[in-house]
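Summary of the model geometry
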Amino acid sequence: MIGVLGGGQLGAMFTTAARRLGYRVAVWDPDPDAPALKLADLPLAAPFTDQASLDSFSTAIATATYEWENIPAATVQALERRVPVRPAARILTTIQNRLEQKRFLAGHKIPVAPFQAATSPEHVTVPDAVGFPALCKTATLGYDGKGQVRLTGPDDVRALVQELRAQKQPQGRWIIERFLPFKKELSVLVVRGADGDCRCYPVVENVHEAGILRTTRVPAAIDEATAQRATALAASVIDKLDGVGVFCVELFLMNDGGFFVNEVAPRPHNSGHYTLDACPVSQFEQQVRAVCGLPLGEVTLASPAVMVNLIGEDFTKATTDAEIKKFLSKSGAKLHVYGKKSVRPGRKMGHVTFLADSADEAWASATSLKRLLG
Ligand code: ATP
Ligand code: MG
């Protein structure tokens, strides 16, 4: 039995992949409605701080992983004293704090946006070395662009400081980083085994809307040399982390052809969902393989693809609107629904993957879907 901390859609897709390979899965999530709990052999709905749950979870499993980086580090460390955890707890603690993560990357000469730490609202400033426009991000617990504020000038800084003071967050920590006028956002899924075998899926191109991933295109519309440089950079990041598992390295491609690493996810990633439909081995099967010490699977692309996230009300429309349902029944479209109990604005409810002979063709279908969704 494999244990997975976190029971959202990523945990659910991991559970499905693990069960297909004959494993049993224990899922631990504080929310009793978490989608993966329904699929688990051993569902555990309890706070991550609950000691009795830690005991029963760790006794039941042979190895563990997690589906997102905001699992309390103390829980993962305690678990790691009892069973192997992959990626290791030290990687989770580095990655889950944006400051620690950026320091790690910068310390290993990986290009990142100039940044500065702030440990109190008064320390929220934009030094010349960072410069405007800048972004202020909470050091921990952010996702889908949550906890991020754009700062275009000193007025924005003053307003933010006032707001943070009013929120009474004296213990908060923030990272202030330069807003990079990137040409494209790319990401690379890196799979690395305990023996150091390291494989990268093709470079994908991502489009975000309001800080949330909306569309992923694979292969990215970039030249071969750029793709090779992106892949080499991503692999070197995971090598430096000495990571075992599935990782996603998010990159900014600049107009001069240079790269910055935005961030690293120590788990399968939304921009890798296309692997479920367009690759012989999905990112979730790779996670099972890496976590269980099996040989890794191939990372080849069987078909160009474009994925569109169904966010909030998109989901209601996609599953009720007659025109959209008809559109989704055309060949090449594959609908995934996460089974979340309630629809909320900004919540990822499902996604659609379009397969086609070319990424441009899949892109055209994705554009039509987005138009129909409004
Ligand atoms: P996710 O959960 O989607 O990975 P997140 O909350 O972890 O998001 P980031 O990845 O740091 O946050 O930021 C979300 C998006 O905001 C990025 O994908 C990018 O589009 C934009 N962004 C973040 N940092 C920068 C930056 N320094 N310059 C320009 N754009 C940025
Ligand atoms: Mg991100």
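Cut-offs and rules
- Residues numbered from 1 in each chain as written.
- Chains lettered and ligands numbered in written order.
- Predicted model: local features only at pLDDT ≥ 70, side-chain atom pairs only at ≥ 80, totals over all residues.
- Heavy atoms only, no water.
- Helix = DSSP H or I, 4+ residues; strand = E, 2+ residues; numbered from the N terminus.
- Donors = N, O, S within 2.8 Å, 3.2 Å for Na, K, Ca; no water.
- Buried < 20%, exposed > 50% of the residue type's maximum accessible area, 1.4 Å probe, protein only.
- Polar contact = N/O pair within 3.5 Å; in protein donor to acceptor, adjacent residues only side chain to side chain.
- Contact = heavy atoms within 4.5 Å.
- Phe/Tyr/Trp six-rings, centres within 6.5 Å; stacked < 30°, edge-to-face > 60°.
- Lys NZ or Arg CZ within 6 Å of the ring centre and 35° of its normal.
- Axes fitted to C-alpha atoms, helices over the stretch in contact; angles between N-to-C directions.
- Parallel < 35°, antiparallel > 145°, perpendicular 65-115°, else oblique.
- Nonpolar A, V, L, I, M, F, W, Y, C, P; charged D, E, K, R; others polar.
- Near = heavy atom within 4 Å.
- Areas by Shrake-Rupley, 256 points an atom, 1.4 Å probe, with all protein chains shown as cover.

1. Here's the deal with unusual backbone geometry
That bond from Arg-86 to Pro-87 is cis: its omega, -10 degrees, falls within 30 degrees of zero. Structurally, Pro-87 is set in the loop between helix H3 (73-80) and helix H4 (89-96). Here the bond from Phe-132 into Pro-133 is cis, since omega is -10 degrees, no more than 30 degrees from zero. Inspection of the secondary structure assignment puts Pro-133 in the loop between strand S5 (115-118) and strand S6 (134-138). The backbone of Ala-210 shows a phi angle near 50 degrees, a positive value even though the residue is not glycine. Note on placement: Ala-210 falls in the loop between strand S11 (204-209) and strand S12 (212-218). Non-glycine residue Asp-242 carries a positive phi angle of around 55 degrees. Mapped onto the elements, Asp-242 comes out in the loop between helix H7 (224-241) and strand S13 (245-253).

2. Notes on the coordination of the magnesium ion (ligand 2)
Distances from the magnesium ion (ligand 2) to its protein donors, Glu-250 (OE), Glu-250 (OE) and Glu-263 (OE), fall at 1.9 to 2.7 Å. Taken together, the residues span a long stretch of sequence, with Glu-250 in strand S13 and Glu-263 in strand S14 (residues 259-265) at a distance of 13 residues. Taking relative accessible area as the criterion, Glu-250 reaches 11% and is therefore assigned buried.

3. Describing the side chain of Lys-137
Residue placement: Lys-137 occurs in strand S6. On the accessibility criterion, Lys-137 (4% relative accessible area) is buried. A distance of 2.9 Å separates a polar atom in the side chain of Lys-137 from a polar atom in the side chain of Glu-177. In this structure, Lys-137 is in contact with Arg-98, Gly-147, Gln-148, Arg-173, Trp-174, Ile-175, Glu-177 and Asn-262, ignoring residues within four places of it in sequence.

4. Here we look at the packing of aromatic side chains
How two aromatic rings sit relative to each other is set out by the distance from centre to centre and by the angle between their planes. Applying the stated criterion to the full structure yields 5 aromatic pairs. Between Trp-28 and Phe-48, the ring centres sit 5.4 Å apart and the planes meet at 55 degrees, which makes this aromatic pair tilted. In this pair, Trp-28 is assigned in strand S2 (residues 25-29) and Phe-48 in the loop between strand S3 (42-45) and helix H2 (51-60), connecting sequence segments 20 residues apart. Residue Trp-28 shares its accessibility class with Phe-48, and that shared class is buried. Here Phe-182 and Phe-252 contribute two aromatic rings whose centre-to-centre distance is 4.9 Å and whose plane-to-plane angle is 5 degrees, an arrangement assigned as stacked. A residue pair is termed long-range when its members are at least 10 positions apart, and Phe-182 in the loop between strand S8 (174-178) and strand S9 (184-192) and Phe-252 in strand S13 qualify at 70 residues. Accessibility expressed as a relative area gives 31% for Phe-182, which makes it partly exposed. Judged by relative accessible area, which is 10%, Phe-252 ranks as buried. An aromatic cluster is built from Trp-28, Phe-48 and Phe-57, whose rings are joined through pairwise contacts. One residue, Arg-150, lies across the ring of Phe-179, its end atom 3.8 Å from the ring centre. We note Lys-370 situated over the ring of Trp-363; from NZ or CZ to the ring centre the distance is 5.2 Å.

5. Details of the packing of H4 against helix H5 (residues 98-107)
Taken N-terminus to C-terminus, the directions of H4 and H5 make an angle of 105 degrees; their axes are 5 Å apart at the nearest point. Compared by their axis directions, H4 and H5 come out roughly perpendicular. Residues Thr-94, Ile-95 and Gln-96 of H4 form the contact with H5, whose participating residues are Arg-98, Glu-100, Gln-101 and Phe-104. Of the residues belonging to the contact of H4 with H5, the class tally is 2 nonpolar, 3 polar and 2 charged.

6. Quick look at the site of ligand 1
Among the 19 residues in the neighbourhood of ligand 1, the closest are listed as Lys-137, Asp-144, Gly-145, Glu-185 and Glu-263. Contact between ligand 1 and Gly-145: an oxygen atom at 2.7 Å from a main-chain N or O atom of the residue. In this structure, Glu-185 approaches ligand 1 through a side-chain N or O atom, which is 2.5 Å from an oxygen atom. Protein chains bury 92% of the 600 Å² of accessible surface belonging to ligand 1 in isolation. Put simply, the parts of the chain that give the shell around ligand 1 at least two residues each are S6, S8, S13 and S14. Of the residues assigned to the shell around ligand 1, the class counts are 6 nonpolar, 5 polar and 8 charged.

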